[in-house]
Amino acid sequence: LWKDAVEKSPNKARPHNNYGSALYKLGMTMTEAAKREFEVANKISPEWEVPWHNLALAYFEEGDYQRAIEFDLEAIKIRKNFQPALYQLGRSYKELEQWDEARIYLERLIKLNRGFNYLSAYVELLSIYEEMGLHDKALKLAEKMTQVPDGFPLVDFHRGMAFYKLNNFPEAKRFFTREKERKLGRTASLLMLGQIHYLEDNNEQAAKMFGKILEENYSSPEGNYNLAIILEKFKRFREALEYLERARAADPFALDISLHLIKCYGHLGYSEKQLELVRKMLGAKPDSEEFYFLQANMRQGLDRMLPGYAEKFLGGNPSPESARSLAAIATLREDYGLSL
């Protein structure tokens, strides 16, 4: 619909912006096309803040947080109190661990938003306070969230998240249990209850929560992924593989799922599947020099092959894609301790 609108009205900013938004919502494979539409909208209507913010969202999704900040700063130059941009600036600075800047924008948003429509901003700000060692401020913010009227959507979920970040698991569980009785926040609350049970080493209860998610949605990437993590813990890799492959089919762009699948394939000796998934994770094209390097060095093990790949193809490359690949390699090598 919006593509048709662009073709019929190529000199209007709104169709380009809305077409870009539709492309962006289709997932990571469409972000480049989405950005082009937002850029056209900016050229046509540079005084309109929305395309600037949408560009920020697209770059944030790609992990280029500095560019995301640049575009959201342009948005608030046009409209000082544009709340979506203030929220996103807080998130982008948080990702860069620039805590003071993140705090400034989230505090500004919360002062403006007396209707509590940005409850997630409270949770983000609380975690920033904790990072900054401002535990008393974090506690006061959590207390403030308990005073929010109950009628707001997902209010108990966000309360639960606040106390979860404070490591107050009994209070977190109380709010998540209340929220899971409501349709809107049920899946997210079951997921967090399962996470808490897992952290408390109560794997049976954790599996029960994740299983309830799958009862309602067989293809849920969150339910499948988290059940697989529990099975991996007990070295039940064949069972874990089924849930991981189902999770990846539902969410092919989730890096964590791919990383665990690579690990699982290695444990089961599925070297061809492992190679193909490593190739996709690193963005190496079939029949490319990068792919042939992976293929030739796979036998020596990921722990030896991946540093060589990083040095040969990623060293000195500052792009967000390269940064993501380096982060994935680091996770595979260090967090999983792979030596396959």
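Above this note sits the structure.
Residues numbered from 1 in each chain as written. Predicted model: local features only at pLDDT ≥ 70, side-chain atom pairs only at ≥ 80, totals over all residues. Heavy atoms only, no water.

Examining the pattern of salt bridges
Evaluated as defined, the whole model comprises 24 salt bridges. Ionic pairing is found between Glu-62 and Lys-35, a salt bridge with its closest N-O pair at 2.8 Å. A residue pair is termed long-range when its members are at least 10 positions apart, and Glu-62 in the loop between helix 4 (49-61) and helix 5 (65-78) and Lys-35 in helix 3 (residues 31-44) qualify at 27 residues. Take Glu-62: its relative accessible area is 6%, and that puts it in the buried class. Here Arg-67 ties to Glu-70 by a salt bridge, and the two come within 3.6 Å at their closest N and O atoms. Taken together, the residues Arg-67 and Glu-70, both in helix 5 and three residues apart, mark about one turn of the helix. Relative accessible area serves as the criterion here: at 31%, Arg-67 is assigned to the partly exposed category. The exposure class assigned to Glu-70 is partly exposed, which follows from its relative accessible area of 39%. The network of salt bridges with common partners includes Asp-150, Asp-156, Arg-159, Arg-178, Glu-179 and Arg-182. (Salt bridge = Lys/Arg side-chain N within 4 Å of Asp/Glu carboxyl O. Helix = DSSP H or I, 4+ residues; strand = E, 2+ residues; numbered from the N terminus. Buried < 20%, exposed > 50% of the residue type's maximum accessible area, 1.4 Å probe, protein only.)

Comments concerning the packing of aromatic side chains
Within the structure shown, the criterion is met by 13 aromatic pairs. Ring centres of Phe-163 and Phe-175 lie 5.8 Å apart, and the angle between their planes is 20°; this geometry places the pair in the stacked category. Of the two residues, Phe-163 sits in helix 10 (residues 155-165) while Phe-175 sits in helix 11 (residues 169-179), which places them twelve residues apart along the sequence. For the ring pair Phe-293 and Tyr-309, a centre distance of 6.2 Å and an interplane angle of 55° mean the geometry is tilted. Residue Phe-293 is located in helix 18 (residues 289-297), and its partner Tyr-309 is located in helix 19 (residues 302-314); the two are separated by 16 residues in the primary sequence. On the accessibility criterion, Phe-293 (17% relative accessible area) is buried. Residue classification places Tyr-309 among the buried residues on the basis of a relative accessible area of 2%. Here the aromatic residues Trp-52, Tyr-59 and Phe-71 are joined through ring pairs into a cluster of three or more. Taking the ring centre of Phe-175 as reference, the NZ or CZ of Arg-174 above it sits at 4.4 Å. (Phe/Tyr/Trp six-rings, centres within 6.5 Å; stacked < 30°, edge-to-face > 60°. Lys NZ or Arg CZ within 6 Å of the ring centre and 35° of its normal.)

Structural notes on the nonpolar core
Membership of the largest hydrophobic core comes to 63 residues, with the highest contact counts inside it found for Ala-121, Leu-126, Met-161, Tyr-164 and Phe-176. Here the element with the most residues in this core is helix 8 (residues 119-131); it accounts for eight residues. With residues near it in sequence (within four places) discarded, Met-161 still touches Val-123, Phe-176 and Met-192. Listed in part, the 37 residues of the second largest apolar core include Ala-247, Val-278, Ala-310 and Phe-313. (Core = buried A, V, L, I, M, F, W, Y, C linked by side-chain atoms within 4.5 Å. Contact = heavy atoms within 4.5 Å.)

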